[in-house]
Protein chains: 2
Amino acid sequence: MEKHNNGSGAGTLYVVGTGPGSVKHMTVHATEVLKKADIIIGYRTYLDLIPEFLENKEVVSSEMMKEVDRCRSALEKTIGGKNVALVSGGDPGIYAMAGLVYEMAKQMDADCSIEIIPGLAAINSCAARLGAPLMHDFAAVSLSDLLTPWEVIEKRLDAAASADFVTAIYNPKSKKRTTQIVRAQEIFLAHRSPETVVGIVTAATRENETIVVTTLGEMLEQQIGMQSTIIIGNSQTYSWNDLMVTPRGYSDKYSL
Amino acid sequence: MEKHNNGSGAGTLYVVGTGPGSVKHMTVHATEVLKKADIIIGYRTYLDLIPEFLENKEVVSSEMMKEVDRCRSALEKTIGGKNVALVSGGDPGIYAMAGLVYEMAKQMDADCSIEIIPGLAAINSCAARLGAPLMHDFAAVSLSDLLTPWEVIEKRLDAAASADFVTAIYNPKSKKRTTQIVRAQEIFLAHRSPETVVGIVTAATRENETIVVTTLGEMLEQQIGMQSTIIIGNSQTYSWNDLMVTPRGYSDKYSL
């Protein structure tokens with residue numbers, strides 16, 4: 001590991017993105033960091049996808065341990081002198097573990113190096129599976145109102161819809177949260193045609209992956225769950241061969 | 001290469017994201033595709049960063065050839081039976097080559113398989129270098145008005161600013177385009193405090209990388225160029241140890 005912290009004896013905490021799932025979709029750098037780390041810490045679901053990195057390692061996997069406990073444990077072991085890899089699905093820097101790590105490091109006044117190793121987020125991998133939906137300005141909005149007031153989320157949906165952003169919807173629906181996606185559709189329909197192209201990717205690149213290209217008007221007829229990301233096209237997005245393509249411009253300044 | 005197209009004799013066109021630059025930050029899958037491809041096509045600047053993949057290959061690099069010509073050439077060679085890797089910096093699926101490939105394939109009615117191999121986009125790599133700015137809803141807006149009317153861009157900046165999106169600014173400034181970033185700052189200042197945290201990353205992960213954490217009020221005093229991405233924090237984003245951290249929620253529903 002290149003970076004060590006001064007004379008404090010602390011190690012480095014690497015917050016490693018594993019992307020959509022398997023090793024194949026991790027960066028070379030992420031695989032190297034996992035190979036060299038003294039300790040690997042992560043949610044069991046993510047660790048189960050990368051068994052090749054867990055042999056002959058101290059592994060702290062957890063089903064029950066909360067995210068906050070996982071981060072604290074990772075920071076404590078790093079301060080104690082170990083090089084620790086804290087594994088995060090997707091990209092730790094996009095709606096994921098990087099923030100909590102820094103929030104806790106600040107609170108603990110942790111004296112250790114922290115490095116974020118980015119990975120493919122849902123927007124990267126889902127966009128690739130759908131064709132080319134993110135060729136123009138886009139917004140990402142999570143419908144989870146656990147930590148964010150619903151009014152703030154509605155305001156963002158309205159802003160994204162009215163300004164013709166391609167919009168990626170994270171956390172669209174769970175068993176308990178079923179009404180938010182219905183409201184999101186209503187907000188978009190107030191600004192965009194029901195024919196607007198919509199893509200729904202569930203479990204991108206995994207065995208149970210499903211990819212659907214549908215429309216804003218009909219999107220709720222599709223299976224949408226915890227592992228789904230929805231991409232709502234802008235006014236220019238079209239579908240072609242069951243794919244979703246957003247042209248790069250609104251002008252005709254370049255011609256094919 | 002796994003996927004071949006039916007009985008047409010065509011190969012597969014792989015649109016391969018090389019991320020911020022070196023092989024280290026590519027996915028394992030992307031490196032495998034480059035190794036196996038018959039032909040590698042790309043802009044010289046990107047190919048120069050990955051010399052290890054170019055030996056014993058047919059390589060079509062170009063400084064002058066336009067993007068459209070590069071895509072057409074890649075499609076023609078694929079239709080002719082080769083497996084072609086068209087290299088794109090960053091993520092081909094985010095403001096990059098994937099869209100043009102599909103637009104041209106549609107126009108040419110190209111009968112070949114096309115696969116997008118995602119990579120780390122500027123938002124992924126810049127966020128990682130800045131700390132954790134993208135922990136909450138975000139928007140990406142390009143200030144290039146070559147293919148998009150400036151009114152549309154202004155409307156999006158206003159929408160993103162007013163709805164408190166963390167906002168990534170792509171293409172903030174070039175030698176010829178210098179006024180757009182000034183106007184973008186004005187629009188944000190109409191909605192947010194001049195103390196709002198702003199991060200500027202130039203040439204992420206490369207030798208000439210610079211990382212600056214500043215404020216909305218003072219951002220224009222910094223060096224901003226063609227290789228820069230700017231991330232404007234939301235109202236909750238704070239700076240800590242020269243990093244930029246957006247907390248995950250607006251509520252106090254989880255405590256550290």
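Residues numbered from 1 in each chain as written. Chains lettered and ligands numbered in written order. Predicted model: local features only at pLDDT ≥ 70, side-chain atom pairs only at ≥ 80, totals over all residues. Heavy atoms only, no water.

A. Local environment of the environment of His136(A). You can see His136(A) is positioned in the loop between strand S6 (131-132) and strand S7 (138-142). By relative accessible area, His136(A) is classed as buried at 4%. For the pair His136(A) and Glu67(A), spaced 69 residues apart in sequence, the C-alpha to C-alpha distance is 34 Å. Ignoring anything within four residues of it in the chain, the contact list for His136(A) reads Val166(A), Asn234(A), Thr246(A), Pro247(A), Arg248(A), Gly249(A), Tyr250(A), Tyr95(B), Thr148(B) and Arg156(B). Within the structure, His136(A) has its side chain in polar contact with the side chain of Arg156(B) (distance 3.0 Å). (Helix = DSSP H or I, 4+ residues; strand = E, 2+ residues; numbered from the N terminus. Buried < 20%, exposed > 50% of the residue type's maximum accessible area, 1.4 Å probe, protein only. Contact = heavy atoms within 4.5 Å. Polar contact = N/O pair within 3.5 Å; in protein donor to acceptor, adjacent residues only side chain to side chain.)

B. Spatial organisation of the packing of aromatic side chains. This structure, assessed with the given rule, holds eight aromatic pairs over all chains. Relative to Trp240(B), the ring of Tyr102(A) lies with its centre 6.3 Å away and its plane at 65 degrees, an arrangement referred to as edge-to-face. With Tyr102(A) in helix H4 (residues 97-108) and Trp240(B) in strand S12 (residues 238-240), this pair bridges two chains. Tyr102(A) gets classed as buried once you look at its relative accessible area, which sits at 3%. On the basis of relative accessibility, which here comes to 14%, the residue Trp240(B) falls in the buried class. Positioned above the aromatic ring of Phe165(A) is the side chain of Arg156(B), whose terminal nitrogen or guanidinium carbon lies 5.7 Å from the ring centre. (Phe/Tyr/Trp six-rings, centres within 6.5 Å; stacked < 30°, edge-to-face > 60°. Lys NZ or Arg CZ within 6 Å of the ring centre and 35° of its normal.)

C. Representation of the interface of chain A and chain B in the model. If you look at the interface, chain A gives 75 residues, while chain B gives 74 residues. Across the chain A/chain B interface, buried area totals approximately 6,700 Å², and carbon plus sulfur atoms make up 63% of it. Remark: the boundary between chain A and chain B carries six salt bridges. Linking Arg156(B) and Asp164(A) is a salt bridge whose minimum nitrogen-to-oxygen distance equals 4.0 Å. Where chain A touches chain B, the interface holds 29 residue pairs in polar contact (both at pLDDT 80 or more). Looking at the side of chain A that touches chain B element by element, the count peaks at nine residues for H4(A). A breakdown of the residues in the side of chain A that touches chain B according to their chemical character gives 42 nonpolar, 19 polar and 14 charged. Where S7(A) and strand S7 (residues 138-142) of chain B come together, three bridges link them in antiparallel fashion. Residue pairing for S7(B): Ala139(A) is matched across the bridge by Ala139(B). (Buried area = accessible area lost by both parts, 1.4 Å probe. Salt bridge = Lys/Arg side-chain N within 4 Å of Asp/Glu carboxyl O. Nonpolar A, V, L, I, M, F, W, Y, C, P; charged D, E, K, R; others polar. Pairing = 2+ DSSP bridges.)

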